[in-house]
Amino acid sequence: MRQLLLLFLMLGISTAYGQTLTQTVRGRIVSDTQEPLVGVQVAITNTPTTLGAFTDSTGNFVIEKVPVGRRTLQARLVGYSEFSRDNLNLNSAREYYIDIVLTPSLSLDEVVVKGYVRNDPTNELSVLSARRLDPEELQYHAATANDPGRLVQGMPGVQNGQDVRNEVVVRGNSPAGILWRLEGVDIPNPNHYAGPGSSGGGITIFSAGMLGSSDFSTGAFPAEYGNALSGVFDMRFRNGNKQQQQYTFRAGLLGLDFATEGPIVKGKTSYNANFRYSTLGILNQLGIYLLDPRNDNNFYDFSFKVHHQGKKSQFSAWGMGGISSQTLRSAEQPWNTYRDYYVYDYGTKMGVVGGTWKYIIDDKSYLEVNGAIMGQNAFTFDDTLSAALDTGRVKTEEYITQRATIHAKYKRNFSRKLNLKAGFIASHIRYDLIDEKWNERTLVLQTVIDTEGSTFQDQGYAQLSLRPNSRWMINAGLHANYYGLNQSTSIEPRAGVKFEASPNASFAFGYGLHSRTVPFGNYFILVDGQMPNQNLDLIKSHHFILAYDQLIGENFRLKVETYYQALYDIPVTTDPERIIFALNRLWGFDPDKMESVGTGTNYGIDLSIEKFFDKGSFFVLSGSWLNATLQRPNDPTVYRSNYDVRYAANFTGGQIFPIGENAFLETGLRFIYNSGYPITPIITSQLSNDGYDPPFDFSQTNSDRLETYFRPDLRVALRVNRPKIAYWLALDIQNFINRVNNFNFYQFDPEIDSWRPTRQTPIVPVLTFWLDF
């Protein structure tokens, strides 16, 4: 650690002084029906002299000679709501490009100021429990590793309890209820080291340099989002620069990155691409192991987007893919427990390639069609070694899924008060699944899943948005979800109402019935040669949310949201000695017969106060109280969900200090706290064994609780601008107080000859160098 700090200081001694460096800001402004807007007044406001421009006939604008640093942009046009965006990070090597959508106001003869809030979602139909994620946030929040999953772990309504993985727990719900969407298409889990049945992993496949402004929602979603129970990531790739070539190189303890973007046809067609290769072995050389000293890890990924802008239409081709692998070596002999001679090979592959076509029908409507093909492969091969190092297979898992999806969407503004958004999503799914596990009782490799075939899923939606006056917004919609594997159907009403009590305060109410397919492998579990879970229903949940939103001055925001969720049709075992709920599984699948008869209840309150980025500082402080329980029919016992942490608090903030004319020192701090995850106890009569499998007492599911989880993270970074190049040197330290938390999974400890909760990672420093040229 001392050597890393010394290296950081040595590389950061030289900063840029002298004349102020400038950069160009470009963009395009359209209406919410994709019509280019002419004559929009655009201005950079937080500079000594306001700099501005007007959009041309194609909606494009250019503002030149903007001083580098964090800048605020505003856009105004008569008859439209004002747009404002702060924290644009301008450096001396890279032009800044932004796409802006203006929504019509209810008055045609004046500019109506929208009461803009920096983190308002890009989807105007998300009236509550939603937040925009800007790509700049990945760079100045502490210990995010440029990962949107880790970024939101410091946000209201999210309760994290893991150091290594980035699963997102929303309001006591299972991470399996998260929906990932990219460029309008629902995609598989976009993470390296993604376990079957999970929504997270070790680190995202997304590259920070590829992402544009995206949305993260935590409940009562608009009708266009389906097959989700707990949260939605609606991710977007940004368009490349259509005027000049730009390059970025990144090197750090986690990986090497190279990115490039620029014009294919100047002014019309651009590309943006990024390649990343991991260097996790460097951490191991420093004596830092994210998982285990016996682990070797490796990953790489690639992302791209090609965008063409026409007069009435636009087309994009885009894609991303990643491969990750992990190997566990045996311990040095002599071996004392099963864990010592246990080895495995584990890995994941994920890829998606798609296209988007938008066509402006007229000045009130447009059609958008998104299509993609995608696939995912998650595999694990576990072996045990003999004294002669011969292998014996104890587990084989390989889950291969492929999907082709098309999403067609139509939007029409009937008037400034009423608009419609409707669409249809069709997916064809192929699968090839194998799961074999060693049975300690019968001493044979037992087949748990062995199947291949195909199925489909269809979804449709329609949503009306009504603004009777400037204070009210009323959204009402319907979503339909049909799963062809077992003909499961869900018709889901959605509603959202927002009332602007004053220019700075609003109330909102949201309701939605939501459904999601069971994690895929559960359908094909073999029990006595049969597949009894084929008819598991869609898991469903009623969401009710009441929110209050208050702007305090120009730079602070207070939010209070209280929620209630009633879940039903949850798969659960019927054996009273082995009580397992499908939603309590973090990854993988239980080899049990289940029925869709379980219910659940989540309720709580989230309180947050945020300081928007102003004068170099920002913070988000949030606290949550929640109750998350599960029940079986004809069983009076109320069981705690795996994610019922009861109390949670998050803080993330930072301060930026200018150094001379063209350099900036950035500092950041984050802490994550919860009162401890529930955990199922061990059968006391079986405490001592060789460490093969924890002897859970499933009749007392989640009756114990882990100790308090607390993790503080720290960031120090230096940004320097020079003519034609800019660089950034950052040191992120996860868990900088070196506190070792526990996780709700057991491992055998030979020192105490007993099972104990798994210990998580100690201090993890990550040094990153970023060069734009």
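Here the structure is shown first, and the text comes after it.
In short, a report on the structure. Going along each chain's sequence as written, the residues are numbered from 1 onward. Since the coordinates come from a predicted model, pLDDT governs what is reported: local features require at least 70, and pairs of side-chain atoms require 80 or more to be given and counted, while whole-chain, interface and lining totals use all residues. Side-chain descriptors were evaluated using all non-hydrogen atoms of the structure, hydrogens and water having been removed beforehand.

## A closer look at the overall build of the protein chain
Phase 1 of the analysis: A helix here means a DSSP run of H or I that spans at least four residues, while a strand means a run of E at least two residues long, and both kinds are numbered starting from the N terminus. Along its length, the protein chain carries 4 helices and 41 strands.
Phase 2 of the analysis: Computation of the radius of gyration draws on C-alpha atoms alone. For the globule rule, the value is 2.2 Å times the number of residues to the power 0.38. What you see for the protein chain is a C-alpha radius of gyration of 26 Å, in line with the 28 Å of a compact globule of 773 residues.
Phase 3 of the analysis: C-alpha extents for the protein chain along the principal axes are approximately 80 × 60 × 45 Å.
Phase 4 of the analysis: Categorising residues by exposure relies on relative accessible area from a 1.4 Å probe, with only protein chains included: less than 20% of the type maximum marks a residue as buried, more than 50% marks it as exposed, and the intermediate range marks it as partly exposed. Across the 773 residues that make up the protein chain, the buried fraction comes to 60%.
Phase 5 of the analysis: Throughout, a residue-residue contact means that at least one pair of heavy atoms, one from each residue, lies within 4.5 Å. Pairs at least 24 residues apart make up 66% of the contacts formed inside the protein chain by residues separated by at least 6 positions.
Phase 6 of the analysis: The accessible surface values rely on the Shrake-Rupley method and a 1.4 Å probe; as for residues, cover is taken only from the protein chains in view. Carbon and sulfur atoms make up 57% of the accessible area of the protein chain, which totals about 30000 Å².
Phase 7 of the analysis: Just so you know, the count uses Lys and Arg for positive and Asp and Glu for negative, and it drops His and the chain ends. A charged residue contributes its charge at one atom only: NZ of Lys, CZ of Arg, CG of Asp or CD of Glu. Of the side-chain charges in the protein chain, 71 are positive and 77 negative, and the distance between the mean point of each set is 8 Å.

## Details of the packing of aromatic side chains
Two aromatic rings are characterised by how far apart their centres lie and by the angle between their planes.
Phase 1 of the analysis: Stacked, tilted and edge-to-face pairs are distinguished by plane angle, under 30 degrees for stacked and over 60 for edge-to-face with tilted covering the rest, among Phe, Tyr and Trp rings (Trp via its six-membered ring) whose centres lie within 6.5 Å. For the coordinates displayed, the defined rule picks out 42 aromatic pairs.
Phase 2 of the analysis: A ring pair is formed by F619 and F651, whose centres lie 6.2 Å apart and whose planes are at 25°; its orientation type is stacked. Taken as a pair, F619 in strand β31 (residues 617–631) and F651 in strand β33 (residues 647–659) lie far apart in primary sequence, 32 residues in all.
Phase 3 of the analysis: Accessibility expressed as a relative area gives 22% for F619, which makes it partly exposed.
Phase 4 of the analysis: Members of the aromatic cluster, connected to one another through ring pairs, are W180, F206, F216, F233 and F237.
Phase 5 of the analysis: Positioned over the ring face of W770 is R250, at 4.1 Å from the centre of the ring.
Phase 6 of the analysis: The aromatic ring of Y80 is capped on one face by R416, whose charged end is 5.5 Å from the ring centroid. Any Lys NZ or Arg CZ found within 6 Å of a ring centre and within 35 degrees of that ring's normal is scored as a charge over the ring.

## Here we look at the environment of N486
Phase 1 of the analysis: Looking at where N486 falls in the secondary structure, it is placed in the loop between β25 (472–483) and β26 (488–502).
Phase 2 of the analysis: Along the backbone, N486 and K540 are 54 residues apart, and their C-alpha atoms lie at a distance of 16 Å.
Phase 3 of the analysis: Setting aside residues up to four positions removed in sequence, N486 forms contacts with Y523, Q534, N535 and L536.
Phase 4 of the analysis: Nitrogen and oxygen atoms within 3.5 Å of one another constitute a polar contact, given that in protein one can donate a hydrogen and the other can accept it, and given that sequence-neighbouring residues count only through two side-chain atoms. Among the polar contacts made by the side chain of N486, one reaches the side chain of S488 at a distance of 2.5 Å.
Phase 5 of the analysis: At a separation of 3.0 Å, a polar atom in the side chain of N486 contacts the main-chain carbonyl oxygen of Q534.

## Structural notes on the sheet that holds strand β8 (residues 130–133)
Phase 1 of the analysis: Taking strand neighbours across the sheet as the criterion, the 5 strands line up as β8-β13-β14-β9-β10 in an open arrangement whose pairing is mixed. Only two strands of the sheet have a single neighbouring strand rather than two, namely β8 and β10 (185–186).
Phase 2 of the analysis: In this structure, strand β13 (residues 214–217) lies alongside strand β14 (residues 231–235), joined through 3 bridges in antiparallel fashion. Bridged to D215 within β14 is D234. Two strands qualify as a pair provided DSSP detects at least 2 bridges between them.

## Topic: the nonpolar core
Phase 1 of the analysis: In this structure, L433, I449, F520, Y523, F524, I570 and F581 are the most contacted members of the largest nonpolar core, which totals 29 residues.
Phase 2 of the analysis: Of all the secondary structure elements, the ones that give two or more residues to this core are β23 (418–439), β24 (444–469) and β29 (556–573).
Phase 3 of the analysis: Here this core gets 3 residues from one element, more than from any other, and that element is β29. Residues belong to a common nonpolar core when they are buried Ala, Val, Leu, Ile, Met, Phe, Trp, Tyr or Cys residues joined through side-chain atoms within 4.5 Å.

## Describing the sheet that holds strand β2 (residues 41–44)
Working definition: the strands of a sheet are paired by backbone hydrogen bonds and lie parallel or antiparallel to each other.
Phase 1 of the analysis: Read across the open sheet, the 4 strands follow the order β3-β2-β5-β6; overall the sheet is antiparallel. Looking along the sheet, the strands with just one partner apiece sit at the ends: β3 (51–54) and β6 (83–90). The sheet shows a mean angle of 20° between the axes of neighbouring strands, direction not considered.
Phase 2 of the analysis: Pairing of β2 with strand β5 (residues 69–76) involves 4 bridges; the strand directions are antiparallel. Of the residues in β5, the one forming a bridge with I44 is L73. Here the axes come from fitting lines to C-alpha atoms, over the contacting stretch only for helices, and the angles between their N-to-C directions go from 0 to 180 degrees.

## Section: the pairing of strand β17 (residues 269–278)
Looking along a regular strand, one sees side chains alternate from face to face of the sheet.
Phase 1 of the analysis: Among the 10 residues of β17, 8 are classified as buried, and the element is accordingly described as predominantly covered.
Phase 2 of the analysis: Relative to β17, strand β16 (residues 255–265) runs antiparallel, the two being bridged by 10 bridges. If you follow D257 over to β17, its bridge partner there is R276.
Phase 3 of the analysis: The turn joining β16 and β17, which pair antiparallel and follow one another in sequence, is formed by 3 residues; a positive phi near 85° is taken by G267.

## As for the environment of H308
Phase 1 of the analysis: Tracing the backbone through its elements, the reader meets H308 in strand β18 (residues 295–309).
Phase 2 of the analysis: Sequence spacing of H308 and G267 is 41 residues, and the spatial spacing of their C-alpha atoms is 9.2 Å.
Phase 3 of the analysis: Dropping the residues within four chain positions of it, H308 is found in contact with K268, T269, Q314 and F315.
Phase 4 of the analysis: A distance of 2.7 Å separates the side chain of H308 from the side chain of T269, its partner in a polar contact.

## Quick notes on a nonpolar patch on the surface
Phase 1 of the analysis: Residues F249, L256, F258, F275, Y277, Y300, F302, I323, I725 and F773 make up a contiguous nonpolar surface patch of roughly 830 Å² in combined accessible area.
Phase 2 of the analysis: Those elements that place two or more of their residues in the nonpolar patch are β16, β17 and β18.
Phase 3 of the analysis: Looking at the secondary structure, you find F275 in strand β17.
Phase 4 of the analysis: By relative accessible area, which is 38% here, F275 ends up partly exposed. Only residues whose relative accessible area exceeds 30% and that form no salt bridge enter a patch; like-charged residues are grouped when within 9 Å of one another, and nonpolar side chains (Val, Leu, Ile, Met, Phe, Trp, Tyr) when within 5 Å. Here, a salt bridge means any Lys or Arg side-chain nitrogen found within 4 Å of an Asp or Glu carboxyl oxygen.

## Side note on the side chain of K409
Phase 1 of the analysis: If you trace the backbone, K409 turns up in strand β22 (residues 391–413).
Phase 2 of the analysis: Not counting residues up to four positions away in its chain, the partners in contact with K409 are E224, Y366, L367, E368, K421, A422, G423 and Y461.

## A word on the side chain of N272
Phase 1 of the analysis: Inspection of the secondary structure puts N272 in strand β17.
Phase 2 of the analysis: Contacts of N272, omitting those with residues within four sequence positions, involve G209, M210, R238, G240, T260, E261, S303, F304 and K305.

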